Every structure is written in structure tokens, then in C-alpha cells.
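# Observations on chain architecture
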Amino acid sequence: MSDLDQLTQSLARNLKRWRTERGFTLDALAARAGVSRGMIIQIEQARTNPSVGITVKLADALGVSITTLLDYEQGSHVRLVPPEQAVRMWSTEAGSSTTLLVGTEARGPFELWAWKLMPGEGSDSDAHPPGTIELLHVSAGELTLVVDGVEHAVAAGSAATFEANVPHGYHNKGAEPVEMTMSVSVPPTHAASY
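A quick note: this is a predicted structure, and the numbers were derived from the prediction, not measured.

Rules and cut-offs
Residues numbered from 1 in each chain as written. Predicted model: local features only at pLDDT ≥ 70, side-chain atom pairs only at ≥ 80, totals over all residues. Heavy atoms only, no water. Helix = DSSP H or I, 4+ residues; strand = E, 2+ residues; numbered from the N terminus. Buried < 20%, exposed > 50% of the residue type's maximum accessible area, 1.4 Å probe, protein only. Contact = heavy atoms within 4.5 Å. Pairing = 2+ DSSP bridges. Salt bridge = Lys/Arg side-chain N within 4 Å of Asp/Glu carboxyl O. Arc of directions from axis to C-beta. Core = buried A, V, L, I, M, F, W, Y, C linked by side-chain atoms within 4.5 Å. Axes fitted to C-alpha atoms, helices over the stretch in contact; angles between N-to-C directions.

## Section: the overall build of the protein chain
Helix and strand counts for the protein chain come out as five helices and 11 strands. Counting the 194 residues in the protein chain, one finds 37% classified as buried. In the protein chain, of all internal contacts separated by at least 6 residues, the share reaching a separation of at least 24 is 70%.

So, in C-alpha cells, the structure goes:
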């Protein structure tokens, strides 16, 4: 598959996903973005590559970044972020700093959790409502993240995000405690009004 084909498929998948999550009909998104309904249908069916201008209008109407609409990775359930890909936002000579570990586009309730898992222990969860996103950062040990039956090793210093609408779990298969910070974004229970 060529880069252009992959981009077309990603845009089709992501546009439909975000339109559905936002609760927009084709007509509502067309009116909000100033783009024809027919063009949106062609994009969602991966039959056309819209101009940058049209893509920006659609992203703005959905309240997401253009990067989010074009991201090849948006179709996967899990995105791992190694420490070298975290973004240092600022730092001082004295050693203060802020680092953006991982981010996602989401609306609704948002929770922050601190976890500690001793060796051999774990916790499993049923699927959450569609649109629920979890982000986590491991500060000590190595977490075994299980999403929809697939294991992912998340080492200390790494971060991950995934769509939690499938069964998932957190396990410590190592010899030292795992410490992590996790945030959970839950979608609104009703269609948002944008």
C-alpha cells in the first residue's frame, strides 16, 4: 500500500470514527464544516483525497487536530510511547521541567489514578463504554498491559494509551514493584453539543 493509499484509508477511518463519537450525522457535519455531504461520503469511503483546506475544515468542525484526522495510528487500540518520544516542554537550570508524556483527543469525565502493583499481582477490567480512553505512565518496574488479549510490555519511563472499550488488564510479571500513573477519559453519556 502506498503512502497516499494509507493516508486515504486513515482519513476515511478517522473521519467516520470522530463524526460518530461526536454524534454528528453526515448533514450536521456538512453544515458545521461547510463541506458538501457528498464530499464527506467520498472521504469516509476512501474514494477521494480532499484538499488540505477541506481536511482542516473537517478537523475544526469535529474539534480535533488535523494530525488526529490523518494519524495512521488512530486505528489501533494501543499506542506505546517510549521515553525518547516524550516532549520536554520547558526546563530550568535548577532542574525543574515539564514533559508531555502522551496525549489523546477526548471529551467527558477525566480521572487520574496512582497505581502500585507488587510482583505477581494484577488487575483485570471488563470493557468500558465506547470512546473511553486510558493513558498511563510507568515510573518503576515493567508493566504487562493486556488489551483485548494482547500483551504489551511497558517499561519504566514509557507511556501508553489505548481505547478501553475491550477487556484489559494490568499485571506485574517482574521481580520488582510496578508504579504507574493512569488517567481515564470517559465519554459523555449523551451526544455532545458542539
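## So, the pairing of strand β11 (residues 178-185)
Counting buried residues in β11 gives six out of eight residues, a clear majority hidden from the surface. Where strand β4 (residues 110-117) meets β11, eight bridges bridge the pair, whose relative direction is antiparallel. Bridging from a neighbouring strand, Trp 113 pairs with Met 182 of β11.

## What to know about the pattern of salt bridges
Throughout the structure, instances matching the rule amount to five salt bridges. Between Arg 17 and Glu 21 there is a salt bridge whose closest N-O contact spans 3.4 Å. Placement of both Arg 17 and Glu 21 in helix α1 (residues 3-22) is noted, with a separation of four residues, approximately one turn of the helix. Residue class for Arg 17 comes out buried when judged on its relative accessible area of 16%. For the salt bridge of Lys 173 with Glu 151, the shortest nitrogen-to-oxygen distance reads 2.6 Å. Linking Lys 173 in the loop between β10 (168-171) and β11 with Glu 151 in strand β8 (residues 150-155), this pair joins segments that are 22 residues apart in sequence.

## Re helix α2 (residues 26-33)
Every buried residue belonging to α2 is among Leu 26, Leu 29, Ala 30 and Ala 33, and all of these are buried. In a view along the axis of α2, the buried residues occupy a sector of 100°, so they form one face of it. Those residues of α2 that are buried are in contact with α1, α3 (37-44) and α4 (52-62). Immediately beyond the C-terminal end of α2, within one or two residues, lies Gly 34, with a positive phi of roughly 70°.

## Remarks on unusual backbone geometry
In this structure, Ala 46 takes a positive phi of about 55° despite not being glycine. Inspection of the secondary structure puts Ala 46 in the loop between α3 and α4. Ala 46 sits in the partly exposed class, given a relative accessible area of 22%. Although it is not a glycine, Asp 148 sits at a positive phi angle of roughly 55°. Mapped onto the fold, Asp 148 is located in the loop between β7 (142-147) and β8.

## What to know about the nonpolar core
Buried together is how nonpolar side chains tend to be arranged in soluble globular proteins. Leu 136, Leu 143, Leu 145, Phe 162 and Tyr 170 are the most contacted members of the largest nonpolar core, which has 18 residues in total. With four residues, β11 is the single largest residue contributor to this core. Ranked by size, the runner-up nonpolar core spans 17 residues in total, among them Leu 26, Val 35, Ile 40 and Leu 62.

## Considerations on the sheet that holds β11
An order of β1-β9-β6-β11-β4 is seen for the five strands of this open sheet, with the pairing classed as antiparallel. Single-partner strands in this sheet number two, and they are β1 (78-81) and β4. The mean angle between the axes of side-by-side strands here comes to 15°, regardless of whether they run parallel or antiparallel. As paired elements, β1 and strand β9 (residues 159-163) share four bridges and run antiparallel to each other.

## Some details on the pairing of β8
Alignment of β7 against β8, held across six bridges, turns out to be antiparallel. When the bridges of β8 are listed, Val 146 appears paired with Glu 151. As consecutive antiparallel partners, β7 and β8 are separated by two residues, and within that stretch Asp 148 has a phi angle of approximately 55°, a positive value.

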